[in-house]
Amino acid sequence: MQRLLRTGLNAGTEAPRVVGGEGVHFLLADGRRVLDGSNTGGPLGHGHPGMVAALREAVALPMVSEGWSWLGRDQAAEDLFDIGLAGETGWAGAVRFCLSGSEANDIALSLAQALTGRQPLATRERAYHGLVGLSRDVTTQPHWHGGLAAPEGRSRLPFPCAPVHVLPPPDGALYESATGTGRPAGLGLQTAPAMLAQSCAMILDYTQGGFYHDAAYQDALAGLARANGALWVADEVVTGLGRAGRPFAFQGGASRPDIVTLGKGLGGGSVAVAAVVLSHEVVAAMRGSAWQNYGTLRGHPLAMAAVSAYLRILRDEALLPRVAALAGCFAQRLQEIARRHPSVCRVAGQGLHWTVELHGPDWRHWLADSAEAPIASQVAARALELGAVIGTSGEQTSLFLAPPLVIGDAEAEQLLAILDESLDVADRVHNAGPG
Ligand SMILES: Cc1ncc(COP(=O)(O)O)c(C=O)c1O
């Protein structure tokens, strides 16, 4: 009997059986060494010497819950403001640490409800913000419903905690196929003010569903949120502190959020840790009240040591300019690849996070309720045979690349070449047509 209950990113296929990792590679149970191509939680790859040294030292630290004070937690907060938020202290006021991106978003949205006295939430189409409480509610990709998916309409779905308004997404893609993407174009934000006037907060992320930073979209919505009394939560769980090629994706626009959530690589990929950053204004609005909702493992000493170590490595190894430079190479090569493959309908991305979307069924109607491997998972399976772990966005048609930020030029080229060859699988299905 299989004791471990598992979930999966690539639907309908076996997950790679990882037994170890070094640098930008995974070691698999079958003895192979494969590139780690889609791992938003692993910015430093595997076994980074700086992280290993910091965590060896930290393992002997005492267990101090969030209810007691711990000097290393104050230090991690200082490091976040000095290194990550340098230049942003005009608006950024304070931070609280927690355990996961989902939890950070749930904490941020609960706080927004408490501060505004409104229950409804606003997000954009095709968002993913997590699988906990309010973060699950604002996850609008239908298959990440947090319930049980089964074929033939037998899925069992959970109930939402709060009503959700769904804003139209931004447009921007680097490449779109001549036959189109099947998306309705240019929806505009006419309906946004009415939605925001009812919502406690608008939460926006910068990768999910293949939508990346768009300054005009962000600034327009930020202005509308403020004018209509909703807080703006920037979900930088994927993009914050590395992957966007600048400290935060939102820095591409002029507007600044009320709350920022961080997670994924915040602990260098070695420890589960996340954070909620509040603006001075939000901190001021909380004055005179107790935020009495302590968590046993939040701000754990090991996690705080990992945050400080990661931020110093990010600065000392100049990883942000490195990501920005690699972004140009990914943009150019992915466009070439897309033009060669008729199965590709859209490519978009930023820094070291790129989405390749394939022609195929409409994602709006899929609950992950089919037993067979969708086309994106079949491409990922081929990539694994060829030597790279590539993820799908859990959808039928979306693949994403998010290699470690420390990837070398030759390894990046190898990853792109493997993607290129793997897409032949999707071309064969596409060229055969619907029948
Ligand atoms: C944009 C975004 N927000 C939040 C989350 C949730 O983070 P976690 O998986 O750490 O709970 C994710 C996870 O993929 C994400 O992509």
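Calculation rules
- The written sequence of each chain sets the order in which its residues are numbered from 1.
- Predicted model: local features are reported for residues with pLDDT of at least 70 only, side-chain atom pairs are reported and counted for 80 or more only, and whole-chain, interface and lining totals are derived from all residues.
- To get an axis, fit a line to the C-alpha atoms, keeping to the stretch in contact for a helix; angles then go from 0 to 180 degrees between the N-to-C directions.
- A helix here means a DSSP run of H or I that spans at least four residues, while a strand means a run of E at least two residues long, and both kinds are numbered starting from the N terminus.
- These descriptions rest on fixed angle ranges, namely under 35 degrees for roughly parallel, over 145 for roughly antiparallel, 65 to 115 for roughly perpendicular, and the rest for oblique.
- Helix crossings fall into two classes, left-handed where the near helix is turned counterclockwise from the far one by less than a right angle and right-handed where it is turned clockwise.
- Two residues form a contact once the distance between their C-beta atoms, set from the backbone, is within 7 Å.
- Residues are grouped as follows: nonpolar covers Ala, Val, Leu, Ile, Met, Phe, Trp, Tyr, Cys and Pro; charged covers Asp, Glu, Lys and Arg; every other residue, Gly included, is treated as polar.
- All residues are tested the same way: a C-beta atom is placed from the backbone, and lying within 6 Å of a molecule or strand makes the residue near it.
- The burial label depends on the number of other C-beta atoms within 10 Å of a residue's C-beta. Counts of 20 or more mean buried, 12 or fewer mean exposed, and intermediate counts mean partly exposed, with C-beta atoms placed from the backbone.
- One less than the residue count of a helix, multiplied by 1.5 Å, gives the span that helix is expected to have.
- Bend angle per residue: angle between axes fitted to the 7 residues ending at that residue and the 7 residues starting there.
- At least two DSSP bridges between two strands are needed for those strands to be called paired.
- For the purposes of this analysis, a nonpolar core is taken to be any set of buried Ala, Val, Leu, Ile, Met, Phe, Trp, Tyr and Cys residues that are connected through C-beta atoms within 7 Å.
- Residue ranges for the domains trace back to a domain assignment, done automatically or taken from a database.
- What the arc describes is the spread of directions from the helix axis to the C-beta atoms.

In this section: the packing of helix α10 (residues 375–386) against helix α11 (residues 409–432). Remark: α10 packs on α11, axes separated minimally by 8 Å, with the N-to-C direction vectors making an angle of 140°. Looking at the two axes, α10 sits oblique to α11. Taken as a pair, α10 and α11 cross one another with a handedness that is right-handed. Touching I375, Q378, V379, R382, A383 and L386 of α10 are I418, L419, E421, S422, L423, V425, A426 and V429, all from α11. Its residues placed into classes, the contact of α10 with α11 shows ten nonpolar, two polar and two charged.

What follows concerns the packing of helix α2 (residues 71–84) against helix α8 (residues 301–316). The interhelical angle for the contact between α2 and α8, taken along N-to-C directions, is 25°, at an axis separation of 9 Å. The angle between α2 and α8 falls in the class roughly parallel. Crossing hand, α2 versus α8: left-handed. From α2, G72, R73, Q75, A76, D79, L80, I83 and G84 reach across to α8, where they touch P301, M304, A305, V307, S308, L311, L314 and R315. Here the residues of the contact of α2 with α8 sort into nine nonpolar, four polar and three charged.

Around the ligand, 14 residues are found, and the nearest of them are G101, S102, G130, D205 and V237. Residue contributions to the shell around the ligand peak at three residues, all from helix α3 (residues 101–116). A breakdown of the residues in the shell around the ligand according to their chemical character gives three nonpolar, eight polar and three charged.

Next up on the list: the environment of R428. Locating R428 in the fold gives a position in helix α11. R428 gets classed as exposed once you count the C-beta atoms within 10 Å, which come to 11. Here the alpha-carbon distance between R428 and D409, two residues 19 residues apart in the chain, equals 30 Å.

When the terminal C-alpha atoms of α11 are compared, their 36 Å separation across 24 residues agrees well with the 34 Å that a helix rising 1.5 Å per residue should span. Largest kink in α11: about 30°, centred on V425. G433 sits one or two positions beyond α11 and adopts a positive phi of about 80°.

Attention now goes to the sheet that holds strand β13 (residues 353–358). The five strands lie next to each other as β7-β12-β13-β16-β15, forming an open sheet whose pairing is antiparallel. Each edge of the sheet is formed by a strand with only one pairing partner; in this case those strands are β7 (175–176) and β15 (391–392). Both strand β12 (residues 344–350) and β13 contribute to a ladder of six bridges, which runs antiparallel. For G349, the partnering residue across the bridge sits in β13 and is W354.

Of all hydrophobic cores here, the largest spans 118 residues; its most connected members are A201, M202, V233, A275, V276, A306 and V307. Among the elements that make up this core, the one with the highest residue count is α8 (eleven residues). Residue assignment places this core across two domains, with domain 1 (18–41 + 318–432) and domain 2 (51–316) each supplying three or more. Excluding its chain neighbours within four sequence positions, the residues that come into contact with A275 are V95, R96, F97, C98, A104, L262 and L266.

With that out of the way, let us pick up the sheet that holds strand β1 (residues 18–22). Taken together, four strands build an open sheet; the order of strands is β1-β2-β3-β14 and the sheet is mixed. Unpaired on one side and paired on the other, β1 and β14 (388–389) mark the two borders of the sheet.

Right, let's talk about helix α1 (residues 49–58) for a bit. Considered for burial, the residues of α1 that qualify are M51, A54 and A58. All buried residues of α1 fall inside an arc of 70° around its axis, so they share one side. Among the exposed residues of α1, those oriented more than 90 degrees off its buried face are P49, A53, R56 and E57. Of the surrounding secondary structure, the elements contacted by the buried residues of α1 are α8.

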